[in-house]
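Geometric and topological summary
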Amino acid sequence: MNDRQNKIDDNHIEPGQKWQIDLFRPEDAAGVARLFRSVYGADYPIRTYIEPELLKKENAARRVISSVARTTNGDIVGHNALYQSAPYKRIYESGAGLVHKDYRGGQGILTDMAAHGIAIGQHDFEVELIYGETVCNHIFSQKVGHKLNFIAQALEVDLMPAAAYDKESSAAGRVSTLLCFRTLIPRQFTVYLPAVYQKQLQFLYGNLDDTRELKTAACKLPPQTKTRLDTEVFNFAQVARIAVTKAGDDLDVILNAAEERLKNAGIKVFQVW
């Protein structure tokens, strides 16, 4: 490894500087990339955060909305983002959060960046709901979610590969996450529950921070309705997200075929939206 690469990966920043949380600026991109490389290594699989030009492009398009912790010297010591990963584009995921090693330990940088994202997402970018996947190999992101009133709805078993945490040696195997939600703009809907799953779904909906009118589905799907799937594959994590954009009476056949195809391609974890 050459001296330049060593400098990028080490990302030495003078400790003890004052910092503030701010919206990402294009000139922050190189500092964000150095921060990610120093924490996760040059092989971090989500290239957006280690390729400065790509990070600038995604923020300009508002597919990513980055919050940064910037010191008085202009150094980037923290990053967290809202980014589009759900089928509905006004729902953003909160993640890609990290803090420089010399600025951790109770300073509240990660919490403040996540709170900043919530505030600007709601008031400046018309984000309606934010969700996050808080990892279970440490409790820091879970504590942030709890403090910011996210509601944990599910456990995603073995979602992330251990390789994502190799540089800091913080996981011995695949890492599970908690799937957490916070509504920013309430929108009441009527939800028709299949009778066979009614009790389970009433339990899940009962903990939401938004109102739903729950009714029992009494009708069958219209005949000749065809299922449509929109699938996103994360090869580095061996995860597939399958969004059912339209459900037809052929759902079981279409979904089983998609799962079989993805399983043969090496996918280990399936999520269905």
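Note: the structure precedes this text.
To keep things clear, this report deals only with the structure shown in the data block. (Residues numbered from 1 in each chain as written. Predicted model: local features only at pLDDT ≥ 70, side-chain atom pairs only at ≥ 80, totals over all residues. Heavy atoms only, no water.)

**Quick notes on the side chain of threonine 177**
Inclusion rule: The numbering of helices and of strands both runs from the N terminus, where a helix is a DSSP run of H or I of at least 4 residues and a strand a run of E of at least 2. With a 1.4 Å probe rolled over the protein chains alone, any residue whose accessible area is under 20% of its type maximum counts as buried; one over 50% counts as exposed, and the rest are partly exposed. Identification of polar contacts relies on pairs of N or O atoms within 3.5 Å, with a donor-acceptor requirement for protein atoms, meaning one able to donate a hydrogen and the other able to accept it, and with residues adjacent in sequence counted only if both atoms are side-chain atoms. Residue contacts are counted whenever heavy atoms from the two residues lie within 4.5 Å of one another.
Position of threonine 177 relative to the elements: it lies in strand E7 (residues 175–183). Judged by its relative accessible area of 1%, threonine 177 is buried. There is a polar contact of 2.6 Å between the side chain of threonine 177 and the side chain of glutamate 156. Apart from the residues within four sequence positions on either side, threonine 177 is in contact with Glu133, Thr134, Val135, Cys136, Ala154, Leu155, Glu156, Leu159 and Met160.

**Section: helix H7 (residues 251–264)**
Counting along an α-helix, one turn takes 3.6 residues, and residues three or four places apart therefore face a common direction. Rule in force here: In this analysis, the expected span of each helix is defined as 1.5 Å times one less than the number of residues it contains. This arc is taken over the directions from the axis of the helix to the C-beta atoms.
For H7, spanning 14 residues, the distance from its first C-alpha to its last is 20 Å, which sits close to the expected 20 Å at 1.5 Å a residue. Buried within H7 we find Leu255, Ala258 and Leu262. Around the axis of H7, the buried residues are gathered within 65° of arc, so they sit on the same side. Among the exposed residues of H7, those pointing more than 90 degrees away from its buried face are Val253, Arg261 and Asn264. Looking at the buried side of H7, the elements it contacts are strand E10 (228–234), strand E11 (239–246) and strand E12 (269–272). Downstream of H7 by one or two residues, glycine 266 has phi in the positive range, about 100°.

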